[in-house]
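# Breakdown of the fold
Here are the chains, one letter per residue:
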Amino acid sequence: MSYVTVADGARIYYKDWGSGQPVVFSHGWPLNSDAWDEQMCLVAEHGFRAVAHDRRGHGRSAQTWNGNDMDTYADDLARLVEELDLRDAVHVGHSTGGGEVVRYLARHGTSRAAKAVLVGAVPPLMLRTEANPEGQSIEVFDGIRQGLREDRSQFYRDLSAVFYGAGRPGSDVSQGIRDAFWLMSMQAGLKPALDCVAQFSETDFTEDLKKIDIPVLVAHGDDDRIVPIEAAAPKTAELLERATLKIYPGAPHGLTGEYRSAFEKDLLAFLQG
């Protein structure tokens, strides 16, 4: 397996498939890079180099007690980009991974990046505040932390239904996909998973978004019950200098079936455009 060692000595797992212009994938919480396998195969088969890593605390990367914060996630990503000498890269981030991409581009600049894709991403801010009344209350995120502490295995099983919109009219998510979600989630350490809840919910990316000067595709389902669209994609697109907003009617947070196909079509068009 391939690893890069970052500033504090933590080892970050990554996979590197194909050749060509790099497409770097950042996954959502509490998953790992395996969540991007289908899209990695897709872009590699179309002449791109697909790279994805397990965020620290998740998957096969080190489960650190400290450093489970958005700045360090961004620094870890920067170290991977530099180690592999990736240039003209397209960064693709889902959910928390979208926040990681935004913080990386704002913190480390866009000299090595050509474009970015944010899908179901947490920016600008998930938490409800006076300035962000469309956000979710802190009690929602406290409930996530409580669920993790009490019975994280069952919590993740239940979360998979909301993540993929199971039970929603027209839902086509299989039990296999939900089982894969649970398996990846259980590979995340409890402490890093708990720390990450605050990072994806309470981090304000408003100023980060204003610093990004490359083209960004902002994609979101309007039936997303994990990162509700009202506080997310439209606001993000307004803050970005060069944004294209794509909304998928009826799509949940995790894209499967026709929604996945629609996103992959848009992703390829954006990469090739």
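Please refer to the structure placed before this passage.
A few points on the structure. Keep in mind it's a predicted model, so treat the numbers as computed, not measured.

### Digging into the overall build of the protein
A tally of helices and strands in the protein yields nine helices and eight strands. Taken over the C-alpha trace, the protein has a radius of gyration of 17 Å; the compact-globule value for 273 residues is 19 Å, and the two agree within 12%. Viewed in the frame of its principal axes, the protein has a C-alpha envelope of about 40 × 40 × 40 Å. Within the span of the protein, comprising 273 residues, buried residues form 56% of the whole. Taking all contacts inside the protein whose residues are at least 6 apart in sequence as the whole, residues at least 24 apart take part in 77%. In the form shown here, the protein has an accessible surface area of approximately 11000 Å², with 47% of it arising from carbon and sulfur atoms. Computed over 28 positive and 40 negative side-chain charges, the inter-centroid distance for the protein is 3 Å.

### Brief notes about helix H5 (residues 175–186)
Taking 1.5 Å of rise per residue, twelve residues should cover 16 Å, and H5 covers 17 Å from first to last C-alpha, within 8% of that figure. In the core, the buried residues of H5 are packed alongside helix H4 (138–164).

### Remarks on the pattern of salt bridges
In this structure the tally under the stated criterion is 22 salt bridges. The shortest N-O distance in the salt bridge between arginine 103 and aspartate 208 comes to 2.7 Å. Of this pair, arginine 103 sits in helix H3 (residues 96–108) while aspartate 208 sits in helix H7 (residues 206–210), placing them 105 residues apart in sequence. The exposure class of arginine 103 is buried, given its relative accessible area of 13%. Lysine 210 is the salt-bridge partner of glutamate 207, the closest N and O atoms lying 3.2 Å from each other. Here the residue glutamate 207 and the residue lysine 210 both occupy positions in helix H7, the gap between them amounting to three residues, near one helical turn. Note on lysine 210: relative accessible area 46%, which makes it partly exposed. Each of Lys15, Asp34, Asp37, Asp54 and Arg60 takes part in salt bridges that share partners, so that together they form one network.

### Here's the deal with the sheet that holds strand S4 (residues 48–53)
Pairing is mixed across the open sheet formed by eight strands, whose spatial order is S1-S2-S4-S3-S5-S6-S7-S8. Strands with a single pairing partner mark the edges of an open sheet, and in this sheet they are strand S1 (2–5) and strand S8 (243–248). Pairs of neighbouring strands in the sheet enclose a mean axial angle of 20°, with direction left out of account. As paired strands, strand S3 (residues 21–26) and S4 are joined by five bridges and run parallel to one another. Bridge assignment links glutamine 21 to a residue of S4, and that residue is phenylalanine 48. Each of strand S2 (11–18), S3 and S4 is contacted by helix H1 (residues 37–45), which is oriented at about 40° to S2, the strand it contacts most. The strands touched by helix H2 (residues 70–83) within the sheet are S1, S2, S3, S4 and strand S5 (89–94), with S1 carrying the most contacts at an inclination of about 115°.

### Thoughts on the packing of H2 against H3
At a minimum axis separation of 8 Å, H2 and H3 run at an interaxial angle of 70°. The angle between the axes of H2 and H3 places the two elements in the roughly perpendicular class. Residue-level inspection shows Met70, Asp71, Tyr73, Ala74, Asp75, Leu77, Ala78 and Val81 of H2 in contact with H3, the latter providing Thr96, Gly99, Glu100, Arg103, Tyr104, Arg107 and His108. Partitioning the contact of H2 with H3 into residue classes produces seven nonpolar, three polar and five charged.

Definitions and cut-offs
Residues numbered from 1 in each chain as written. Predicted model: local features only at pLDDT ≥ 70, side-chain atom pairs only at ≥ 80, totals over all residues. Heavy atoms only, no water. Helix = DSSP H or I, 4+ residues; strand = E, 2+ residues; numbered from the N terminus. Rg over C-alpha atoms; globule rule 2.2 N^0.38 Å. Buried < 20%, exposed > 50% of the residue type's maximum accessible area, 1.4 Å probe, protein only. Contact = heavy atoms within 4.5 Å. Areas by Shrake-Rupley, 256 points an atom, 1.4 Å probe, with all protein chains shown as cover. Lys, Arg positive; Asp, Glu negative; His and termini not counted. Charge placed at Lys NZ, Arg CZ, Asp CG, Glu CD. Expected span 1.5 Å × (residues − 1). Salt bridge = Lys/Arg side-chain N within 4 Å of Asp/Glu carboxyl O. Pairing = 2+ DSSP bridges. Axes fitted to C-alpha atoms, helices over the stretch in contact; angles between N-to-C directions. Parallel < 35°, antiparallel > 145°, perpendicular 65-115°, else oblique. Nonpolar A, V, L, I, M, F, W, Y, C, P; charged D, E, K, R; others polar.

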